[in-house]
Amino acid sequence: MADEQNKEIVSDLADLKDIAADAHVGDAADIAATAEVPLREQELDEHGRAYATGRRKDAVARVWLKPGKGKVTVNGRDQEVYFARPTLRLIINQPFAITEREGQYDIVATVRGGGLSGQAGAVKHGISQALTKYEPALRATVKAAGFLTRDSRVVERKKYGRAKARRSFQFSKR
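Here is what the cut-offs are and how they apply
Residues numbered from 1 in each chain as written. Predicted model: local features only at pLDDT ≥ 70, side-chain atom pairs only at ≥ 80, totals over all residues. Heavy atoms only, no water. Axes fitted to C-alpha atoms, helices over the stretch in contact; angles between N-to-C directions. Helix = DSSP H or I, 4+ residues; strand = E, 2+ residues; numbered from the N terminus. Parallel < 35°, antiparallel > 145°, perpendicular 65-115°, else oblique. Left-handed = near helix turned anticlockwise from the far one by under 90°. Contact = heavy atoms within 4.5 Å. Nonpolar A, V, L, I, M, F, W, Y, C, P; charged D, E, K, R; others polar. Pairing = 2+ DSSP bridges. Salt bridge = Lys/Arg side-chain N within 4 Å of Asp/Glu carboxyl O. Buried < 20%, exposed > 50% of the residue type's maximum accessible area, 1.4 Å probe, protein only.

Chemist: Honestly, the packing of helix α4 (residues 86–99) against helix α5 (residues 116–134) in this entry has me stumped. Any pointers?
Modeler: Think of two packed helices as two axes; the pair is described by the angle between the axes and how far apart they sit. Relative orientation of the contacting elements α4 and α5 amounts to 15°, with a least axis distance of 8 Å. When the axes of α4 and α5 are compared, the pair comes out roughly parallel. As α4 packs across α5, the resulting crossing turns out to be right-handed. Two secondary-structure elements touch here, α4 through Leu88, Ile91, Ile92, Gln94, Pro95, Phe96 and Thr99 and α5 through Leu116, Ser117, Ala120, Gly121, Val123, Lys124, Ile127, Ser128 and Leu131. Classifying every residue of the contact of α4 with α5 gives 10 nonpolar, 5 polar and 1 charged.

Written out as structure tokens, the structure reads:
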């Protein structure tokens, strides 16, 4: 009796394997393009801007997005001045690259807390949120890239009796 049940289960699993092999497995952009999700409404303020908050580590960014020439202003300074490292500017421009919207929107951001790397991640998160509020059709693409998810990794606290969070003091035999 148990052998008959096992044979049925094995044949069911084989059928599932065939179905999975037949299914088209694509990258995130293909999945986002084929997914039929009802569009959200466009959320704009009285000035025609989309507002969003981005967070990363201890940094919090308030981001306003409006149509323009692609100028990014962070804390009243140009992005090249505020984020001097090219890698940080690359992080900020990722949402525009993935949605093919480079140079179409002006960004005004205010950032507080954390270091430059965390601030760049917070601005990227805020830009992604604001972009989906301005153009709800882009939400699937941005979400598939993982830009709408807040990166919750933070620094681990220092423990009592240790040099750092996990590192202990150097052992001395004598």
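Once you've had a look at it, read on.
Chemist: I keep staring at the pairing of strand β2 (residues 59–67) and nothing clicks. Help me out?
Modeler: Working note: regular strand, side chains alternate between the two faces of the sheet. Note: strand β1 (residues 50–56) against β2, 7 bridges, orientation antiparallel. Within the sheet, the bridge partner assigned to Tyr51 lies in β2 and is Trp64. Counting the residues that bridge the hairpin from β1 to β2 gives 2 residues, and of these Lys57 lies at a positive phi of roughly 50°. Judged from the 8 bridges that link them, β2 and strand β5 (residues 105–112) form a sheet pairing that is antiparallel. When the sheet's bridge partners are listed, Lys66 is paired in β5 with Asp106.

Chemist: Explain the pattern of salt bridges to me, please; I cannot follow it from the model alone.
Modeler: Once their charged atoms are close, side chains differing in charge can pair, the charge on each being opposite to the other. Overall, the coordinates contain 6 salt bridges when judged by the stated rule. For the salt bridge of Asp151 with Arg56, the shortest nitrogen-to-oxygen distance reads 3.5 Å. Of the two residues, Asp151 sits in the segment after α6 (139–145) while Arg56 sits in strand β1, which places them 95 residues apart along the sequence. A salt bridge links Arg166 to Glu156; its shortest N-O distance comes to 3.0 Å. One end of the pair, Arg166, is in the segment after α6; the other, Glu156, is in the segment after α6, with 10 residues separating them in the sequence. Using a relative accessible area of 65% as the deciding quantity, one classes Arg166 as exposed. Overall, Glu156 belongs to the partly exposed group, its relative accessible area being 38%. Residues joined in a network through salt bridges with shared partners are Arg56, Asp151 and Arg153.

Chemist: How should the environment of Gly48 be read in this particular structure?
Modeler: Mapped onto the secondary structure, Gly48 falls in the loop between α2 (28–34) and β1. Taking the C-alpha atoms as reference points, Gly48 and Tyr134, 86 residues apart in sequence, are found 9.2 Å from one another.

Chemist: Would you explain the sheet that holds β5 in this entry?
Modeler: Sheet strands pair by backbone hydrogen bonding; their relative direction is either parallel or antiparallel. Ordered in space as β1-β2-β5-β3-β4, the 5 strands form an open sheet in which the pairing is mixed. Looking at strand neighbours, the two that pair on one side only are β1 and β4 (77–78), the edges of this open sheet. With 3 bridges connecting them, strand β3 (residues 72–74) and β5 associate as parallel partners. Counterpart to Val74 in the pairing with β5 is Ala109. Sitting on the sheet, α5 is in contact with β1, β2 and β5, with an inclination near 150° to β1.

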